[in-house]
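Observations on the model geometry
What follows is each chain in one-letter form.
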Amino acid sequence: MGRRGAWRIYLGAAPGVGKTYAMLSEGRRRAGRGTDVVVGLVETHGRSRTAEQIGDLEVVPPRRTHHRGARLTELDVDALLARRPEVALVDELARANAPGSRNAHRWQDIEELLRAGIDVVSTLNVQHLESLSDVVEGITGVRQGETVPDAVVRRADQIELVDMTAEALRRRLAHGNVHAPDEAAALPPGYFRTGTLSALRELALLWVAGRVDEGLARYRDQHGINEPWEARERIVVALGGGPEGDALLRRAARMGARAGRADLLAVRVVRSGGLDEGSAAAVARQRALVESMNGTFHQVVGDDVATALLEFARGVDATQLVVGAGRRSGRRRAVGHGIGSAVTRESGDFDVHIVGHEHAGRRSGATRASGPALSRRRRGAGWALALAGPPALTGLLAGTGLRFGLVIDILLYLVLAVGVALAGGLWPAVAAAVLGSLLANWFFTPPFHTLTIGDRDNALALVIFVGVAAAVASVVDLAARRSRQAAQSGAEAETLSMLATSVLRGEKALPALLERVRETFGVTSVALLERAGDGWTVLGSTGSDPCPDPDRADAQARVGEGEGADRSGETVLALRGRVLPAADRRVLSAFASQAAAALEWRRLAEEAGQARRLAEGNKIRTALLAAVSHDLRTPLASIKAGVSSLRQTDVDWDPEDEAELLATVEESADRLDGLIGNLLDMSRLQTGAVSPLTQPISLEQVVAPALQGVPAGRVEVDVPETLPPVLADAGLLERALANVVENAVRHSAGAVTLRAGELRPGRVEIRVADRGPGVPEAAKEQIFAPFQRLGDSPRGTGVGLGLAVARGFTEAMGGALRAEDTPGGGLTMVFALPAAGACGDGSAAGGGDRGPL
């Protein structure tokens, strides 16, 4: 696979700050250095100074299309790929392409260019960043129809802020340097107000500051700085499936950007009964949104939403929890506290942010129940109403002296029975009907105050009353159960859809799948077990106290069948934490099928890894053969020619010629010794046979021996006397330094410098700088690959193992070796080694050589 192009983005707070001008200036600067630069697409917007800046840069003609009567100018990706310049300038990264184009967005066109190895310089306004689009809309009153996912922009190698004060930009606008007068009149009112521009500028500065923090994190990783410089934020966003989720996610993303390094986790609580508020389309949209922000989406099961949120937040070590302001009506607020209040009350040691939004105080259009149908609370309310309602109604009718007649009284009791059926289901309603019939018989059916019914019609009316009440209650109960089953099926379908989506997205890592099982079913642990003889082995697990044996699990599902009489190889998903109902076991079976696929994917990945290692081994063997066939035979041929010449008896060699032949033999023997040594060292590294003996050593012990084979005066050494010893293997470090210095001397046009210093307490750097042609940025890692000479070394000068061996030895000692540009031209190889501490450990304090060797 070829190199990927480098990507630079000029980011601005508003149109007119000079992004396109800066892009063109960068292109002209690179072209002046001899780089092949072309203009892929530039939007000048009629600005004369911007158009003049194109100058003599080559312009690739754009692609012209027509859409709805309008003539559109698009980036011609095919023409650029055919032209294959080193650098392409592409303006307005966020622009959407015309319908029917090969890509929907211009940033996707740029991705194609980068994959082809073409460097790209482009521009972007802050209002087109996905995470900031709603904030910009609130500031400017303009909704951005074209946005770019933050994850795409963050993939750029460099992001440079083109900054300008609000007052300066307004002066440019007044002078006509931003828009023509007719275009300026069409701008939204207030867009270029000082306050608006200042707010946009602040957004841009904060976003770029977050990017700088990411670069600092990479620097710490590259330099082995493991000490924490700041706490990492973990922000959890509670999603309810409503339209407000988009605003919550964007607000949380901005909080994370301002906090620096932050993890974004979105969680949605689904009630175990399946009766759940929310739109499937909104959930799918919000899942895609959080993933575009480099976050993760989670779904947990729980009847108490606040408790489930708190348990999830504590489980992931959250530092902040974002909850939307409730969409509860005034009546519902009066009878109970909202989720935000409950979460805030029980949050403990992490912050809770209750975020307002435009949907606060409104019910969504989705049907929602307060809990599972016929829940324990609901049945209890039904029984309480069944026992208290008929006596209360009787007291009302008898105590107030109201006389409606027996028919009206029975109808009132029937209404009460229907209400009980709606509240508590079948049996409470039957009890209310029976109790109501007895009370109606006692108080309102002659003869009064007896259970005897004198009139046959009255007796028939009471019987019909009980029958109708029971029938109505049965229908209500049946409808409630069907509703519950439908909701459960909907929840199952949503879970299966999410599972299928994860397959399509390539989420095939087994740990991620097991964690999803744990979250979905609300259990404490999930384990994937494989039968091995009479016992079981754990292939993967998540949660606390995973189950070691399926017989001890609360729920299990078979993943794969075993072979043989002992069913060896049988795999089972084992869950602990609660017993699953039958409906949930159907979904668990789907997860088991996905686990089987994950196991198969892992097996295929292992086979692919073995094939890759075999291919690498073949590559090494091929290179070894090439080395033996030419690079090793060259010094052997020189040795043989020199010795054969000296052994000729018919030639009388004079002392000078004899000395020259002997010097050639000695030089060739030294070269052969070095080549064989590197081959042996590389084979030791490939087989993992390098076992360094690290101990405190002074650099004086290794620098001088490493430079013994270097011609005098070619290396300048600067190793301070106060430098602490390093923790390393003296032999390996000497060999690594010798290889790097030999490589630097071979390519340097002048003297090579070797300097050492203490980067920070506990870390020492050795820098070997040459004045050669240098190495392109994209090839700085490639030069450390075995048998790599970048095509710039003639045959016979080595097999390309020196730098690979040097890095391998350095990393084996716990250090690092990287390549940097030498200021003014050339390449600098940097050794980063751990310091051994104070000199009181028995080691020397370090050498003090200074000057040319």
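So, a few notes on the structure that sits alongside this text. What you are looking at is a predicted structure, and each value in this text was computed from that prediction instead of being measured.

**Considering the overall build of the protein**
In terms of regular secondary structure, the protein is built from 25 helices and 25 strands. Out of the 853 residues in the protein, the part that is buried amounts to 45%. For the protein, long-range pairs separated by at least 24 residues make up 72% of all intrachain contacts whose partners lie at least 6 apart in sequence. For the protein, the exposed area adds up to about 42100 Å²; of that, 54% sits on carbon and sulfur atoms.

**Side note on the pattern of salt bridges**
Per the counting criterion, the structure on display carries 31 salt bridges. Of the charged contacts in the structure, one is a salt bridge between Glu 92 and Arg 95, with a shortest N-O distance of 2.2 Å. Residue class for Glu 92 comes out buried when judged on its relative accessible area of 19%. A relative accessible area of 26% means that Arg 95 is categorised as partly exposed. Arg 807 is the salt-bridge partner of Glu 781, the closest N and O atoms lying 2.8 Å from each other.

**Notes on helix α24 (residues 730-747)**
End to end, α24 covers 26 Å across 18 residues, agreeing with the expected 26 Å (1.5 Å per residue, within 8%). Listed in full, the buried residues belonging to α24 are Leu 732, Leu 733, Ala 736, Leu 737, Asn 739, Val 740, Val 741, Asn 743, Ala 744 and Val 745. Where α24 begins, one side-chain oxygen reaches toward the backbone nitrogen of Leu 732, 3.2 Å away; that side chain belongs to Asp 729.

**As for the pairing of strand β10 (residues 262-270)**
With seven of its nine residues buried, β10 lies for the most part within the structure. One ladder, built from seven bridges, connects strand β9 (residues 233-239) with β10; its direction is parallel. Within β10, the residue paired with Glu 233 across the bridge is Ala 262.

**Details of a nonpolar patch on the surface**
A cluster of nonpolar side chains, Trp 383, Leu 387 and Trp 427, forms an exposed patch at the surface whose accessible area comes to about 400 Å². Among the structural elements, Trp 427 can be located in helix α17 (residues 426-444). Trp 427 sits in the exposed class, given a relative accessible area of 60%.

**Some thoughts on the nonpolar core**
Membership of the largest hydrophobic core comes to 56 residues, with the highest contact counts inside it found for Trp 7, Leu 89 and Leu 124. Ranked by residues supplied to this core, first place goes to helix α9 (residues 194-222) with six residues. Those residues in contact with Leu 124 that sit more than four places away from it in its chain are Ile 9, Tyr 10, Leu 11, Gly 12, Lys 19, Leu 93, Ala 94, Leu 129, Val 148 and Val 153.

**Here's the deal with the packing of aromatic side chains**
The full count for this structure, using the stated rule, is zero aromatic pairs. In this structure, Arg 807 is placed above the aromatic ring of Phe 784, and the distance from its NZ or CZ to the ring centre is 3.9 Å.

**As for the environment of Gly 436**
By secondary structure assignment, the location of Gly 436 is in helix α17. Put simply, Gly 436 and Ile 410 are 26 residues apart on the chain and 8.3 Å apart in space, counted from C-alpha to C-alpha. Ignoring any residue separated from it by four or fewer positions in sequence, one finds Gly 436 in contact with Pro 390, Tyr 413 and Phe 465.

**A few points about the sheet that holds strand β7 (residues 119-125)**
Within a beta sheet, neighbouring strands are joined by backbone hydrogen bonds and run either parallel or antiparallel to one another. Spatial strand order, β3-β2-β6-β7-β1-β8: six strands in an open sheet with parallel pairing. Two strands in the sheet have a free side with no partner beyond their single neighbour: β3 (58-59) and β8 (158-162). Judged from the five bridges that link them, strand β1 (residues 7-12) and β8 form a sheet pairing that is parallel. Bridge pairing in β8 places Arg 8 opposite Gln 158. Sheet contacts for helix α1 (residues 19-32): β1, β2 (37-41), β6 (87-90), β7 and β8; angle to β7, the most-contacted strand, approximately 165°. Against the sheet, helix α4 (residues 106-115) engages β1, β2, β6 and β7, with an angle of about 160° to β7.

**Re the packing of helix α12 (residues 305-315) against helix α14 (residues 339-346)**
Following both chains from N to C, one finds α12 and α14 inclined at 45°, their axes separated by 9 Å at the closest point. The pairing of α12 with α14 is recorded here as oblique in orientation. Both α12 and α14 take part in a crossing whose hand is right-handed. For the pair α12 and α14, contact is made by Val 305, Ala 306, Leu 309, Leu 310 and Arg 314 and by Ile 339, Ala 342, Val 343 and Glu 346, respectively. Classifying every residue of the contact of α12 with α14 by side-chain character gives seven nonpolar, no polar and two charged.

**Here's the deal with the environment of Leu 393**
The topology assignment puts Leu 393 in helix α15 (residues 376-399). Among the residues examined, Leu 393 registers a relative accessible area of 15% and is labelled buried. Expressed as a C-alpha distance, the spacing of Leu 393 and Leu 416, which sit 23 residues apart in the sequence, is 8.5 Å. In contact with Leu 393, not counting residues within four places along its chain, are Leu 412, Tyr 413 and Leu 416.

**Things to note about a negative patch on the surface**
A grouping of Asp 652, Asp 654, Glu 656, Asp 657, Glu 658 and Glu 660 is seen on the molecular surface, where their side chains present a negatively charged patch. Here Glu 660 lies in helix α22 (residues 655-686).

**A few points about the pairing of β2**
The buried count for β2 comes to five of five residues, which makes it a mostly enclosed element. Pairing between β2 and β6: four bridges, direction parallel. Bridging across to β6, Leu 41 finds its partner in Val 90. Sheet topology places β2 next to β3; two bridges connect them, and they run parallel.

**Some thoughts on the side chain of Glu 130**
You can see Glu 130 is positioned in the loop between β7 and α5 (133-140). Those residues in contact with Glu 130, other than ones at most four positions away along the chain, are Thr 147, Val 148, Pro 149, Asp 150, Arg 250, Leu 289 and Ser 292.

**Brief notes about unusual backbone geometry**
We note that Arg 84 has phi near 50°; this positive angle belongs to a residue other than glycine. Within the secondary structure layout, Arg 84 lies in the loop between α3 (77-83) and β6. Unlike most non-glycine residues, Glu 92 shows phi in positive territory, near 50°. Relative to the helices and strands, Glu 92 resides in the loop between β6 and α4.

**Remarks on the sheet that holds strand β16 (residues 555-560)**
Read from one edge of the open sheet, four strands run β15-β14-β17-β16, paired in antiparallel fashion. Both outer strands of the open sheet, β15 (535-543) and β16, are each paired with one neighbouring strand and no more. Each neighbouring strand pair of the sheet contributes to a mean axis angle of 25°, computed without reference to strand direction. Across eight bridges, strand β14 (residues 525-532) lies against β15 in antiparallel orientation. Along β15, the bridge assignment pairs Leu 528 with Gly 540. Those strands touched by helix α19 (residues 510-521) are β14, β15 and β17 (571-576), and its axis lies near 70° from that of β15.

Basis of the calculations
Within any chain, residue numbers begin from 1 and follow the written order of that chain's sequence. Owing to the predicted nature of the model, reporting of local features is limited to residues with pLDDT of at least 70; listing and counting of side-chain atom pairs is limited to 80 or more, with chain, interface and lining totals taken over all residues. Calculation of side-chain values draws on the structure's entire complement of heavy atoms; hydrogens and water are dropped beforehand. A run of DSSP states H or I qualifies as a helix once it reaches four residues; a run of E qualifies as a strand once it reaches two. Both are numbered from the N-terminal end. Burial classes: relative accessible area under 20% of the type maximum marks a residue as buried, over 50% as exposed, and values in between as partly exposed (1.4 Å probe, protein chains only). Two residues form a contact once any of their heavy atoms are found within 4.5 Å. We get accessible surface area from the Shrake-Rupley algorithm with a probe of 1.4 Å; when it comes to residues, only the shown protein chains can shield them. We count a salt bridge whenever a side-chain nitrogen from Lys or Arg sits within 4 Å of a carboxyl oxygen from Asp or Glu. Each residue after the first adds 1.5 Å to the expected span of a helix. What qualifies as a polar contact is a pair of N or O atoms within 3.5 Å, subject to a donor-acceptor requirement within protein and to the restriction that residues adjacent in sequence count only when both atoms come from side chains. One requirement defines pairing of two strands: DSSP has to find at least two bridges between them. For patch building, the residue pool is restricted to those with more than 30% relative accessible area and no salt bridge; the joining distance is 9 Å between like charges and 5 Å between nonpolar side chains (Val, Leu, Ile, Met, Phe, Trp, Tyr). What is meant by a nonpolar core is a set of buried Ala, Val, Leu, Ile, Met, Phe, Trp, Tyr and Cys residues, joined one to another through side-chain atoms within 4.5 Å. Note on aromatic pairs: the rings of Phe, Tyr and Trp (six-membered ring only in Trp) are paired at centre separations within 6.5 Å, and the planes decide the class, stacked below 30 degrees, edge-to-face beyond 60, tilted for the rest. Whether a charge sits over a ring comes down to the Lys NZ or Arg CZ being within 6 Å of the ring centre and within 35 degrees of the ring normal. Angles shown run from 0 to 180 degrees and are taken between the N-to-C directions of axes, each axis being a line fitted to C-alpha atoms and, for helices, limited to the stretch in contact. Reported orientations rely on four angle classes, namely roughly parallel under 35 degrees, roughly antiparallel over 145, roughly perpendicular from 65 to 115, and oblique for the rest. Here a crossing is called left-handed whenever its near helix is offset anticlockwise from the far helix by less than a right angle, and right-handed whenever the offset is clockwise. Gly falls in the polar group here, along with every residue not listed as nonpolar (Ala, Val, Leu, Ile, Met, Phe, Trp, Tyr, Cys, Pro) or charged (Asp, Glu, Lys, Arg). By the counting scheme adopted, Arg and Lys are positive, Glu and Asp are negative, and His together with the chain ends is not counted. Charge positions are represented by NZ for Lys, CZ for Arg, CG for Asp and CD for Glu.

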